[in-house]
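# Structural characterization, general
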Amino acid sequence: FFLPPKPNLGILMPPLALPPPCTSMSTSTPPLGPFTSTSRPPDPPAACSIFSLIWALLFCKCDASVSLETLNSTIVKVALLQMMPSQSGNASDNVIKATSFCQKASEMGAHIALMPELWNVGYTATYPGYDPEDQAGHDEWLAQAVPIDGPYVQHFQELAKQLNMAIGVTYLQEYDPLPRNVISLIDRFGTILYTYAKVHTCDWSPAEASTFPGSAFYTSPLDVGLAQIGNVSIGSMICFDREVPESARLLMLQGAEIILTPNACVLAQNQIDQFKTRAFENALGVAMANYAGPYMNGWSVAYDADATNLVQANADEGVYMANFDIARMRSFRSTSNHGDAFRRPWRYGA
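Report follows, based on the coordinates. (Residues numbered from 1 in each chain as written. Predicted model: local features only at pLDDT ≥ 70, side-chain atom pairs only at ≥ 80, totals over all residues. Heavy atoms only, no water.)

## A closer look at helix H7 (residues 245-253)
Buried residues of H7: Ser247, Ala248, Leu251 and Met252, and no others. The buried residues of H7 all sit within an arc of 130° when viewed along its axis, so they share a single face. Buried positions along H7 lie against strand E6 (219-222), strand E7 (232-236), strand E8 (258-262) and helix H8 (269-282). Immediately downstream of H7, the backbone of Gly255 shows phi near 95°, a positive value. (Buried < 20%, exposed > 50% of the residue type's maximum accessible area, 1.4 Å probe, protein only. Helix = DSSP H or I, 4+ residues; strand = E, 2+ residues; numbered from the N terminus. Arc of directions from axis to C-beta. Contact = heavy atoms within 4.5 Å.)

## As for the sheet that holds E6
Pairing in this open sheet of six strands is mixed, and the strands run E6-E7-E8-E9-E10-E11 from one edge to the other. A strand with exactly one partner marks an edge of an open sheet, and here the two such strands are E6 and strand E11 (309-312). For this sheet, the mean angle separating the axes of adjacent strands, direction not counted, is 15°. Across three bridges, strand E9 (residues 285-289) lies against strand E10 (residues 301-303) in antiparallel orientation. What sits directly across from Val286, in E10, is Tyr303. (Pairing = 2+ DSSP bridges. Axes fitted to C-alpha atoms, helices over the stretch in contact; angles between N-to-C directions.)

## What to know about the sheet that holds strand E5 (residues 192-197)
Across the sheet, which stays open at both edges, the six strands sit in the order E5-E4-E3-E2-E1-E12 with mixed pairing between neighbours. The open sheet has two edge strands with one neighbour each: E5 and strand E12 (318-325). Put simply, the sheet's adjacent strands are angled 25° from each other on average, direction ignored. Examined bridge by bridge, strand E1 (residues 75-82) and strand E2 (residues 112-114) share three bridges and lie parallel to one another.

## Notes on the pattern of salt bridges
Here the structure, examined in full by the defined rule, presents eleven salt bridges. A salt bridge links Glu158 to Lys161; the nearest nitrogen and oxygen atoms lie 3.3 Å apart. A residue pair is termed a helical-turn pair when its members lie 3 or 4 positions apart in one helix, as Glu158 and Lys161 do in helix H5 (residues 151-163) at three residues. Arg242 is paired through a salt bridge with Glu243; the nearest N and O atoms lie 3.2 Å apart. Judged by its relative accessible area of 1%, Arg242 is buried. Its relative accessible area of 23% is what places Glu243 among the partly exposed residues. Through salt bridges with shared partners, one network takes in Glu117, Lys198 and Glu208. (Salt bridge = Lys/Arg side-chain N within 4 Å of Asp/Glu carboxyl O.)

## Details of the nonpolar core
Ranked by internal contacts, the top residues of the largest apolar core, which has 49 residues, are Val76, Ile234 and Phe324. Considering each element in turn, this core owes the most residues, four residues, to E9. Counting 42 residues, the second largest nonpolar core, distinct from the first, contains Ala98, Leu142, Ala207 and Met321. (Core = buried A, V, L, I, M, F, W, Y, C linked by side-chain atoms within 4.5 Å.)

## Let's talk about helix H9 (residues 326-333)
Burial of H9 is extensive: six of the eight residues sit out of reach of the surface. Of the residues making up H9, those classed as buried are Ile326, Arg328, Met329, Arg330, Phe332 and Arg333. For H9, the N-terminal capping position is held by Asp325, with its side-chain oxygen 3.2 Å away from the main-chain nitrogen of Ala327. (Polar contact = N/O pair within 3.5 Å; in protein donor to acceptor, adjacent residues only side chain to side chain.)

## Section: the packing of aromatic side chains
Applying the stated criterion across every chain, the model contains seven aromatic pairs. Between Tyr152 and Phe156, the aromatic rings sit 5.3 Å apart at their centres with planes inclined by 70°, giving edge-to-face as the arrangement. Of the two residues, Tyr152 and Phe156 both sit in helix H5, four residues apart, roughly one turn of that helix. Pair check on accessibility: Tyr152 and Phe156 agree, each one buried. Between the aromatic rings of Tyr291 and Tyr295, the centroid separation amounts to 5.3 Å while the plane-to-plane angle is 75°, which identifies the pairing as edge-to-face. The residues Tyr291 and Tyr295 share a single accessibility class, namely buried. Arg180 extends its terminal NZ or CZ atom over the ring of Tyr175, reaching a point 4.0 Å from the ring centre. (Phe/Tyr/Trp six-rings, centres within 6.5 Å; stacked < 30°, edge-to-face > 60°. Lys NZ or Arg CZ within 6 Å of the ring centre and 35° of its normal.)

Here's what the structure looks like:
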């Protein structure tokens, strides 16, 4: 993993160092055991290297310098950005840090980078010294909400394009009648594929109780530039959503292959085990990015569809990489008795 240098806090949006559009990666991963699936994106048309190259250049918008090894890879690399936010709640500092971490994730070959929950405000309502009885302070926190078409989101749209990498951007969204706790999935071309608002808000927290909850879960096909696997179906849930089994189940029924999960809490082992179970019972991959210690306790983590641990962070800041072999996952899903294969909801009227 990557331990970042201290960023230059004198600028809001530092110059972007541009890595190559794609990075070669190994496909030497042991096969999974048996597993099933729901719908998934169609397979690409080619197995042969030369046809894969042609297909990718025509449809994946990859640069001509991309190696055949990369085009033939089936590994989707998800970078978990385990960061400490500005302790003063300075949104500009948070932008600088996330930019630096995204740049390093791209250098490490990531296809997707994921932030912790509510990154623009650093979830500062839980810092020591925050007083929920202080109405003025509470209103000030809510006033930090940003619009979906404002500079914060636009900055990461441009960054995604320049780095040729999808970014799961989290923020307190300006919304009527109240701000929302959201993740916008931005693809490598800078397009917002969906904006998901946290459904299971932590209403025991005065800050989250003042946010407007979402009402649906979303998935979207994501072009990661790998010809052998085509689009990958991505969905999201946020923090406490993962503790409610229906969240991942609904995403599985929509065909999700990987669920991106921004998080902001001190994770206990039973919560990590819950998250692992969400992967296994739904036969899909899950990836969670949490805040680093000492603010939270880190432990950002990812599991494959057969509950194999792909990465487990400690408490330190860093970029922690999870490698999802989508070909193996799809093979596993085709034979698993989990996921949607043998569910019988009509027998109990669901």
